[in-house]
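Below are the chains, spelled out letter by letter.
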Amino acid sequence: MNNVNPKSLIVIFGATGDLAKRKLFPSIYRLYQKQKLSDEFAIVGVARRPLSTYEFRRYVTESIEEATKQELIDESFVSHFYYHSLDVTSTASYQALKTLLEQLEETYHLPGNRIFYLAMAPEFFGTITSHLKSEGLTATPGWKRLVIEKPFGHDLPSAQKLNKEIRQAFSEKEIFRIDHYLGKEMVQNIEVIRFANAIFEPLWNNRFIANIQITSSETLGVEDRGRYYDHSGALRDMVQNHMLQMVALLAMEPPIKLTTDDIRSEKVKVLRALRPMTHDDVDNYFVRGQYGRGFIRGQEVVGYREENNVDPNSNTETFVAGKLMIDNFRWAGVPFYIRTGKRMTEKSTKIVVQFKDIPMNLYYRTSEHVHPNLLVIHIQPDEGITLHLNAKKSGESMKTTPIKLDYCNNCIDGLNTPEAYEKLLYDCMRGDATNFTHWDEVAASWSFVDKISEVWANTKAADFPNYEAGSMGPKQADELLQKDGFHWWPLNGTM
Ligand SMILES: NC(=O)C1=CN([C@@H]2O[C@H](COP(=O)(O)OP(=O)(O)OC[C@H]3O[C@@H](n4cnc5c(N)ncnc54)[C@H](OP(=O)(O)O)[C@@H]3O)[C@@H](O)[C@H]2O)C=CC1
Ligand SMILES: O=C1O[C@H](COP(=O)(O)O)[C@@H](O)[C@H](O)[C@H]1O
């Protein structure tokens, strides 16, 4: 396949914001360095503040230098960047933007392929797409694509409303809903580990797997996103999208082919097979937490309720643990435990697949306990796979000892492992939507999550804050597994 993208023009709405600065500009630069962009490309940044194109180029350069911690060597790169000041809520300046796009397409000999990237607050998504259409910016001789950031709605009804709005201007095939976890190297590796290895797929079911644990922990607090986060919480911010996407990839049936539609349709089936929570189930299956004061790497940090733009009596959860059951033939009876939170002990995303115990312990006289086999998929910061087995303890007669077979992905690729946004942008430019979420996945995820948020919205969490910053969350999250005879496997590799 040709590794260079088709000639296209990218319009970034929200070009002066945090996402553009930290993720999008550095990713475009890396694609340029790797010669994955066509020689002729143009990027137009859009935001309200009045900047000249010269000032914007300076800003892009600084953003990239800050992100890559290197001086931007290739000056010609930023000469492809242009700026247009516009308030997206008013149609007044869309015509001038249209003229700019047409001029650039002429200058760069572009065939009219346009990517509209909405790196802006979600309340603007519907307005922007409607104005793009009414002002004629979507009427282009080439293809058009819309990249849309999360959150995609706040619940199912708002997501449906938003979807209806953007579908007035873009078809489902033209919409690329970003879930940046799907761009992570080891998340993409889940399919390969499962479907390219004869030893796993036969065991990948309720006859051999005891439970699956997915943890995504962060040490950061809400930082400067209190205004958004206090209305969202961890359930909407992390579970509805990233966590459920990982569940879907782990649990889906092998797709007929590795095409976008085949993979997505298998993922949707999993999300639809999630056992819906009844009002009474929520307390038994889900745990919420909110951090109080504590220490992160020896530094004292404030509690969630003391953060900027957070209600001092906030009932918003910054931690969620849950037990999901997938009611289908393959997974009946196997709990999928998920856990995610802010201000936890360490920054780590890991999946642990715990296999069932051997039917009988032949070594009970010499080894009281034979360690369960575990397959650990390290998503971040270290990327790799560890298989936990048992072997004979050296020098001892038939005594077992746990051993690990380790594969480290980023030890080989090191800093060259492409960043999630880099890969997703590249996919979008090539029109590959596999690692973006289809509307059906979004809808099924909201249906599941809405039941939990409804219950939580109507019941105040009496014990908030219920975990200390720097800990692994409230004790109820441990009890969730203890009730089933399991425990969370530690993240630091000591099993
Ligand atoms: N930041 C992150 O790490 C992540 C962000 N996201 C999502 O990405 C999106 C953007 O987030 P983020 O970059 O953090 O947001 P910021 O608040 O940092 O940036 C918002 C951008 O929108 C522009 N803007 C605001 N109002 C208008 C308007 N009326 N007309 C034109 N431009 C406007 C702002 O520029 P100006 O003030 O000059 O108009 C700014 O460029 C959100 O949907 C967020 O949820 C998702 C995952 C991670
Ligand atoms: O989407 C989000 O993800 C980040 C965590 O992403 P990661 O790649 O650093 O694991 C989270 O901090 C943020 O709250 C959420 O909106």
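Bear in mind that the values here come from a model prediction, so they are computed numbers and not experimental data. (Residues numbered from 1 in each chain as written. Chains lettered and ligands numbered in written order. Predicted model: local features only at pLDDT ≥ 70, side-chain atom pairs only at ≥ 80, totals over all residues. Heavy atoms only, no water.)

In this structure, what is going on with the site of ligand 2? I would like to understand it.
Lining the immediate environment of ligand 2, one finds Lys-150, His-180, Tyr-181, Lys-184, Glu-218, Arg-225, Asp-237, Met-238, His-242, Lys-342, Lys-347 and Gln-380. In this structure, Tyr-181 approaches ligand 2 through a side-chain N or O atom, which is 2.5 Å from an oxygen atom. A distance of 2.9 Å is found between an oxygen atom of ligand 2 and a side-chain nitrogen or oxygen belonging to Lys-342. Protein chains shield 82% of the accessible area of ligand 2, which is 390 Å² for the free molecule. (Near = heavy atom within 4 Å. Polar contact = N/O pair within 3.5 Å; in protein donor to acceptor, adjacent residues only side chain to side chain. Areas by Shrake-Rupley, 256 points an atom, 1.4 Å probe, with all protein chains shown as cover.)

Looking at this structure, how should I read the UniProt feature "binding site: substrate" (unreviewed entry) in the chain?
Per the UniProt record, "binding site: substrate" (unreviewed entry) is found at His-180, Lys-184, Glu-218, Asp-237, Lys-342 and Lys-347. Topologically, Glu-218 is positioned in the loop between strand E7 (209-217) and helix H7 (226-229). Here Glu-218 is in contact with Met-238, Gly-341, Lys-342, Arg-343, Met-344, Glu-346 and Lys-347, once residues within four sequence places are set aside. You can see Lys-342 is positioned in the loop between strand E12 (335-341) and strand E13 (348-355). What Lys-342 contacts, discounting residues up to four positions off in sequence, is Glu-218, Leu-220, Gly-221, Val-222, Tyr-229, Asp-237, Tyr-291, Thr-318 and Tyr-467. (UniProt positions renumbered as here; feature names shortened; annotations may be inferred. Helix = DSSP H or I, 4+ residues; strand = E, 2+ residues; numbered from the N terminus. Contact = heavy atoms within 4.5 Å.)

Just to check I follow, could you spell out the nonpolar core for this structure?
For soluble globular proteins, the rule of thumb is that nonpolar side chains tend to be buried together. By size, the foremost hydrophobic cluster in this structure holds 109 residues, and its most contacted members are Phe-13, Val-44, Phe-286, Phe-336 and Ile-351. By residue number, the principal contributor to this core is helix H8 (residues 233-251), which donates 12 residues. Both of domain 1 (8-149) and domain 2 (182-246 + 275-434 + 465-483) provide at least three residues apiece to this core. Setting aside anything within four residues of it in sequence, one finds Ile-351 in contact with Ile-190, Ile-212, Gln-213, Ile-214, Met-246, Leu-250, Leu-375, Val-376, Ile-377 and Ile-379. (Core = buried A, V, L, I, M, F, W, Y, C linked by side-chain atoms within 4.5 Å. Buried < 20%, exposed > 50% of the residue type's maximum accessible area, 1.4 Å probe, protein only. Domains from an automatic or database assignment.)

Honestly, the state of the cysteines in this entry has me stumped. Any pointers?
Joining two cysteines, a disulfide is a covalent bond between their sulfur atoms. Evaluated as defined, the whole model comprises one disulfide. Shown here is the disulfide that connects Cys-408 with Cys-411, its sulfur atoms set 1.9 Å apart. Across the S-S bond of Cys-408 and Cys-411 the torsion is about 85°, and the bridge reads as right-handed. Note on Cys-408: relative accessible area 26%, which makes it partly exposed. (Disulfide = S-S within 2.5 Å.)

Mind showing me how you'd approach the domain arrangement of the chain here?
In terms of domains, the chain is made up of domain 1 (8-149) and domain 2 (182-246 + 275-434 + 465-483). If you average the C-alpha positions of domain 1 and of domain 2, the two centres end up 35 Å apart. At the interface, 17 residues of domain 1 touch 11 residues of domain 2. The contact between domain 1 and domain 2 buries some 1,300 Å² in all, and 66% of this surface belongs to carbon and sulfur atoms. Taken as a group, Lys-23, Leu-31 and Arg-145 account for 30% of the area that domain 1 buries against domain 2, more than any other trio of residues on that side. Joining domain 1 to domain 2, the criterion identifies four salt bridges. Here Glu-419 makes a salt bridge to Arg-30, at a shortest N to O gap of 4.0 Å. Seen at the junction of domain 1 and domain 2, the total is seven residue pairs in polar contact (both at pLDDT 80 or more). At the level of elements, helix H1 (18-33), strand E4 (114-118) and strand E5 (144-148) are the ones that each hand at least two residues to the side of domain 1 that touches domain 2. Per-element tally for the side of domain 1 that touches domain 2: the top contributor is H1, with seven residues. Residue classes in the side of domain 1 that touches domain 2 are distributed as 10 nonpolar, one polar and six charged. (Buried area = accessible area lost by both parts, 1.4 Å probe. Salt bridge = Lys/Arg side-chain N within 4 Å of Asp/Glu carboxyl O. Nonpolar A, V, L, I, M, F, W, Y, C, P; charged D, E, K, R; others polar.)

Even after reading the chapter, I still don't get the UniProt feature "binding site: NADP(+)" (unreviewed entry) in the chain, so can you show me in this structure?
UniProt feature "binding site: NADP(+)" (unreviewed entry): in the numbering of this structure it lies at Gly-14, Ala-15, Thr-16, Gly-17, Asp-18, Leu-19, Ala-20, Lys-21, Arg-48, Asp-87, Val-88 and Lys-150. Here Gly-17 is to be found in the loop between strand E1 (9-13) and H1. Residue classification places Gly-17 among the partly exposed residues on the basis of a relative accessible area of 26%. Filtering out sequence-adjacent residues up to four positions away, Leu-19 remains in contact with Leu-24, Tyr-117, Ala-119, Glu-149 and Tyr-421.

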